[in-house]
Amino acid sequence: MTNEKKSNTMWGGRFAAGPSAIMEEINASIGFDWRLYAQDIAGSKAHAEMLAAQGIIAAQDAEKITRGLDTILSEIASGTFEFSPALEDIHMNIEARLKELVGAPAGRLHTARSRNDQVATDLKLYVRDAIDAIDDALRGFQAALAERALEHAASVMPGFTHLQSAQPVTFGHHLLAYVEMAARDRSRFADARKRLNECPLGSAALAGTSFPIDRAATARALGFDRPTANSLDAVADRDFALEVLAASAIAATHLSRLAEEIVLWSTPQFGFARLSDAFTTGSSIMPQKRNPDAAELIRAKAGRIAGAFTGLIMVMKGLPLAYSKDMQEDKEPVFGALDTLVLGLAAMTGMVRDLAPDTRAMRKAAGEGYSTATDLADWLVRVLAMPFRDAHHVTGQLVARAEAGKVALHRLTLAEMREVEPRINEEVFSVLSVDKSVKSRTSLGGTAPANVRRAARGWLKKLARQAR
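So, how was this worked out
Residues numbered from 1 in each chain as written. Predicted model: local features only at pLDDT ≥ 70, side-chain atom pairs only at ≥ 80, totals over all residues. Heavy atoms only, no water. Helix = DSSP H or I, 4+ residues; strand = E, 2+ residues; numbered from the N terminus. Buried < 20%, exposed > 50% of the residue type's maximum accessible area, 1.4 Å probe, protein only. Expected span 1.5 Å × (residues − 1). Contact = heavy atoms within 4.5 Å. Polar contact = N/O pair within 3.5 Å; in protein donor to acceptor, adjacent residues only side chain to side chain. Pairing = 2+ DSSP bridges. Patch = residues over 30% accessible without salt bridge, like charges linked within 9 Å, V, L, I, M, F, W, Y side chains within 5 Å. Areas by Shrake-Rupley, 256 points an atom, 1.4 Å probe, with all protein chains shown as cover. Salt bridge = Lys/Arg side-chain N within 4 Å of Asp/Glu carboxyl O. Lys, Arg positive; Asp, Glu negative; His and termini not counted. Charge placed at Lys NZ, Arg CZ, Asp CG, Glu CD. Core = buried A, V, L, I, M, F, W, Y, C linked by side-chain atoms within 4.5 Å. Phe/Tyr/Trp six-rings, centres within 6.5 Å; stacked < 30°, edge-to-face > 60°. Lys NZ or Arg CZ within 6 Å of the ring centre and 35° of its normal. Axes fitted to C-alpha atoms, helices over the stretch in contact; angles between N-to-C directions. Parallel < 35°, antiparallel > 145°, perpendicular 65-115°, else oblique. Left-handed = near helix turned anticlockwise from the far one by under 90°. pLDDT = per-residue confidence, 0-100.

Residues L321 and A322 are joined by a peptide bond in cis, for which omega reads 10°. Of note, A322 is situated in the loop between α11 (293-316) and α12 (331-354). You will see that A112, though not glycine, has its phi angle at about 65°, which is positive. Here A112 shows up in the loop between α5 (90-102) and α6 (115-151). Phi is positive for K406, close to 55°, though the residue is something other than glycine. Relative to the elements of secondary structure, K406 occurs in the loop between α15 (388-405) and α16 (414-420). The exposure class assigned to K406 is exposed, which follows from its relative accessible area of 78%.

Okay, here's the thing in structure tokens:
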């Protein structure tokens, strides 16, 4: 980007002098909104075509405008375009260059539109493209999870509540939980995309225009479902940006939760899994260290994404209708959050594929903390017809006895168990192993390996269809 000083002549005769250096610096957005160039050019081409079709500008002027915009698109894509901070934003930079290329017809392009509806249209197009990219990334993340879930459908690990051993589950079942989270994320983004897909172009500054424009034509040309219904709302609306930031914050939170688990699993204290050199770093002083930096960074970047949503909603909360310059602050949080989410998804997908679980360590840990106590209570209900609350009490006594003897629950003798509940028989030992515990959880959504295999295969088929 060049620092070349160009005088902004777009204001016409209202201003006799240019802005101060400080005003120019605070006012300019070209440092970040240059990223809207492709969307801005697409919107301008659709607008020019509509103006010509409606007889508002001459067809030959529209053709010159379109050729000039194509040239500018090529220049920006190749890195030869010179951006000027004095021209403030991407819209004026493109318009100024268009005038250099085609002369007077460039001045006709802005007929029946304003930068207000122009930027709203550009940002909607950008966010829509970003949603499509995020959906692809989320689908890839789901596929990686489902593939590993199928691989580890019967690999037993401890399930936790309060980060305390609760009941045995399988590693595959655990991974499929994140597949479900990502499915909800995709649904939120799809809903946001559907709601934003109304075209603001033609709303002009805030009141519409007196020119006989065809807003439906420009909406169709840009892939929108319809034009926006109210010109004031169209230029003042940033709900679509807030909604996609909210969806991004929730998705990033899901990534952060998995990242936190990877950090824990890869510690010697847990020892459940290992990341390769591809996703870890060493220490400058401690040669033994293998730090899960990629997971830690994903965990941290979730805060940046949540902060982007918070920042923009604070910008919008006190704005009267319609447009205010405050709304220029919408782009940096949107760009930053969406970039960060896509990067986080790529990194997490890579880590899921890279992760090497230690199934023996997970299985050993699954039996600790009396994790099959619920299975014992269920057996008492099922076989001895004991009310669950009574079974819960009996099981608690047996756990206390095992704990006092420093033995596992299944290491208690039958005689010891019968001292607490005389009706217990040898059959009780059939439910106290972690393998039999997970196999018994056959209810819909349960952790039984057969359930996990069926769910993982179902997801992989669905994701493959979506990819096609």
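The first and last C-alpha atoms of α5 sit 18 Å apart over 13 residues, in line with the 18 Å expected at 1.5 Å per residue. Every buried residue belonging to α5 is among I90, H91, M92, N93, I94, E95, A96 and L98, and all of these are buried. Buried residues belonging to α5 abut α2 (30-33), α3 (37-53), α4 (59-78) and α6. For α5, the side-chain oxygen to backbone nitrogen distance between the N-cap and H91 is 3.2 Å, and the N-cap itself is D89. Following α5 by one or two positions, G103 adopts a phi angle in the positive range, close to 75°.

Next up on the list: the pairing of strand β2 (residues 164-170). As paired elements, strand β1 (residues 156-161) and β2 share six bridges and run antiparallel to each other. Paired with P158 across the strands is P168, a residue of β2.

What follows deals with the environment of A192. You can see A192 is positioned in helix α7 (residues 171-196). Since its relative accessible area comes to 1%, A192 is described here as buried. Considered as a pair, A192 and D330 are 138 residues apart in the sequence and their alpha carbons are 17 Å apart. Excluding residues within four positions of it along the chain, A192 makes contact with I131 and E243.

Let us now look at a positive patch on the surface. On the surface, a cluster of positive charge is made up of K436, K439, R453, R457, K461, K462, R465 and R468. Residue assignment for the positive patch shows that the elements contributing at least two residues are α17 (434-440) and α18 (449-467). Examining the composition of the positive patch, we find that five residues originate from one element, α18, more than from any other. Of note, R465 is situated in helix α18.

This part covers the nonpolar core. The nonpolar side chains of a soluble globular protein tend to be buried with one another. Core analysis: the biggest nonpolar cluster contains 94 residues, and F141, F189, L258, I262, W265, L341 and M348 have the highest contact counts within it. Of all the elements, helix α10 (residues 239-265) adds the most residues to this core, at 15 residues. Ignoring sequence-local partners within four residues, the contact set of W265 consists of M157, F171, H174, L258, F270, G271, F272, A273 and L355. Counting 22 residues, the second-largest nonpolar core is a separate cluster that includes L376, A377, M417 and V431.

The next thing to look at is the packing of aromatic side chains. Within this structure, the stated rule accounts for five aromatic pairs. Each member of the aromatic cluster is reached from another via a ring pair, and the members are F160, F270 and F272. Here the guanidinium or amino end of R35 rests over the ring plane of F335, the centre of that ring lying 4.8 Å away. Here the guanidinium or amino end of R128 rests over the ring plane of F224, the centre of that ring lying 4.9 Å away.

Along the polypeptide, L36 turns up in the loop between α2 and α3. Sequence separation of L36 and E329 is 293 residues, and the distance between their C-alpha atoms is 14 Å. When near neighbours in sequence (up to four residues on either side) are disregarded, L36 contacts I90, D122, L123, Y126, K331 and F335.

In the contact formed by helix α14 (residues 373-384) and α15, the axes pass within 8 Å of each other and the chain directions differ by 135°. With respect to their mutual orientation, α14 and α15 come out oblique. As α14 runs across α15, the sense of the crossing is right-handed. Counted together, A373, L376, A377, D378, L380 and V381 of α14 and F388, A391, V394, T395, L398 and V399 of α15 form the full contact between these two elements.

Tracing the backbone shows S256 in helix α10. Look at S256 and you get buried, because its relative accessible area is 14%. Once you skip the residues sitting within four places of it in the chain, S256 turns out to touch I298, R299 and A302.

A contiguous nonpolar patch, built from L206, L232 and L321 and spanning about 270 Å² of accessible area, is present on the exposed surface. With respect to the helices and strands, the residue L206 is situated in the loop between β3 (198-199) and α8 (215-221). Judged by its relative accessible area of 39%, L206 is partly exposed.

Time to look at the confidence of the model for the protein. With 94% of its residues at a pLDDT of at least 70, the protein reaches an overall mean of 92. Of the regions scoring below 50 in pLDDT, residues 1-7 engages in 20 contacts with residues more than four places distant in sequence or in other chains.

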